[in-house]
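Spelled out from the first residue to the last, the chains are:
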Amino acid sequence: MVKRKSASSSDSMEDWNYEAKVAEIEGIIARIEAGELELEDVFAQFASAVEYLRQCETFLQQRQKQVDLLIETLSDE
């Protein structure tokens, strides 16, 4: 199931926004901490937050690779 989400999220990566995902994660954490959710919803929201964190980590790793490649290109010149 997680792999399917990752595959579909990479398909629509151009619509994906890092800052929006971080805001969603922060919102989930705030709702959990405030006790606004039923226990079942806490687990569902927590699972969503973990998936968003994975997406953010993948995004940052991809950007780090791009930066490293650019730095290598500059070093070669």
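Residues numbered from 1 in each chain as written. Predicted model: local features only at pLDDT ≥ 70, side-chain atom pairs only at ≥ 80, totals over all residues. Heavy atoms only, no water.

1. Details of the overall build of the chain
So, step 1. Per the secondary structure count, the chain includes 3 helices and 0 strands.
So, step 2. Across the chain, helices and strands are ordered from the amino to the carboxyl terminus as α-α-α.
So, step 3. Looking at the 77 residues of the chain, the share that counts as buried comes to 14%.
So, step 4. Residue pairs in contact within the chain that sit at least 24 positions apart in sequence constitute 73% of those at least 6 positions apart.
So, step 5. Split by element, the accessible area of the chain, about 6,300 Å² in all, is 54% carbon and sulfur. (Helix = DSSP H or I, 4+ residues; strand = E, 2+ residues; numbered from the N terminus. Buried < 20%, exposed > 50% of the residue type's maximum accessible area, 1.4 Å probe, protein only. Contact = heavy atoms within 4.5 Å. Areas by Shrake-Rupley, 256 points an atom, 1.4 Å probe, with all protein chains shown as cover.)

2. Here we look at the confidence of the model for the chain
So, step 1. With 81% of its residues at a pLDDT of 70 or more, the chain shows a mean pLDDT of 86.
So, step 2. Confidence, expressed as mean pLDDT per element, reaches its minimum in the chain at helix H1 (residues 2-11) with 45 and its maximum at helix H2 (residues 18-34) with 97.
So, step 3. When the criterion is pLDDT under 50, residues 1-11 qualifies, and its contacts beyond four places in sequence or with other chains add up to 5 contacts. (pLDDT = per-residue confidence, 0-100.)

3. Observations regarding the nonpolar core
Generally speaking, nonpolar side chains in soluble globular proteins are found buried as a group.
So, step 1. Listed in full, the 7 residues of the largest apolar core are Trp-16, Ile-25, Ile-28, Ala-49, Tyr-52, Cys-56 and Phe-59.
So, step 2. Looking at this core, the elements that each hand over two or more residues are H2 and helix H3 (39-76).
So, step 3. When sequence neighbours within four positions are dropped, the list of residues in contact with Trp-16 reads Lys-21, Gln-55, Cys-56 and Phe-59. (Core = buried A, V, L, I, M, F, W, Y, C linked by side-chain atoms within 4.5 Å.)

4. Let's talk about the packing of aromatic side chains
So, step 1. The full count for this structure, using the stated rule, is 3 aromatic pairs.
So, step 2. Between the aromatic rings of Tyr-18 and Phe-59, the centroid separation amounts to 5.5 Å while the plane-to-plane angle is 25°, which identifies the pairing as stacked. Separated by 41 residues along the polypeptide, Tyr-18 in helix H2 and Phe-59 in helix H3 bring together distant segments of the chain.
So, step 3. Through a chain of ring-to-ring contacts, three or more aromatic side chains come together here, namely Trp-16, Tyr-18 and Phe-59. (Phe/Tyr/Trp six-rings, centres within 6.5 Å; stacked < 30°, edge-to-face > 60°.)

5. Comments concerning the pattern of salt bridges
So, step 1. The final tally for this structure, using the stated rule, is 1 salt bridge.
So, step 2. A salt bridge links Lys-21 to Glu-24; its shortest N-O distance comes to 3.7 Å. Of this pair, Lys-21 and Glu-24 both sit in helix H2, separated by 3 residues, roughly a single helical turn.
So, step 3. Of the residues examined, Lys-21 reaches a relative accessible area of 15% and is grouped as buried. (Salt bridge = Lys/Arg side-chain N within 4 Å of Asp/Glu carboxyl O.)

6. A few points about the packing of H2 against H3
If you want to describe how two helices pack, look at the angle between their axes and the distance between the axes.
So, step 1. The geometry of H2 relative to H3 is characterised by a closest axis approach of 9 Å and an angle of 155° between their N-to-C directions. On the basis of the axis angle, H2 is roughly antiparallel to H3. Relative to H3, H2 is oriented so that their crossing is left-handed. For the pair H2 and H3, the contacting residues are Tyr-18, Lys-21, Val-22, Glu-24, Ile-25, Ile-28, Arg-31 and Ile-32 in the first and Val-42, Gln-45, Phe-46, Ser-48, Ala-49, Tyr-52, Leu-53, Gln-55, Cys-56, Phe-59 and Leu-60 in the second.
So, step 2. For the contact of H2 with H3, a count of residues per class yields 13 nonpolar, 3 polar and 3 charged. (Axes fitted to C-alpha atoms, helices over the stretch in contact; angles between N-to-C directions. Parallel < 35°, antiparallel > 145°, perpendicular 65-115°, else oblique. Left-handed = near helix turned anticlockwise from the far one by under 90°. Nonpolar A, V, L, I, M, F, W, Y, C, P; charged D, E, K, R; others polar.)

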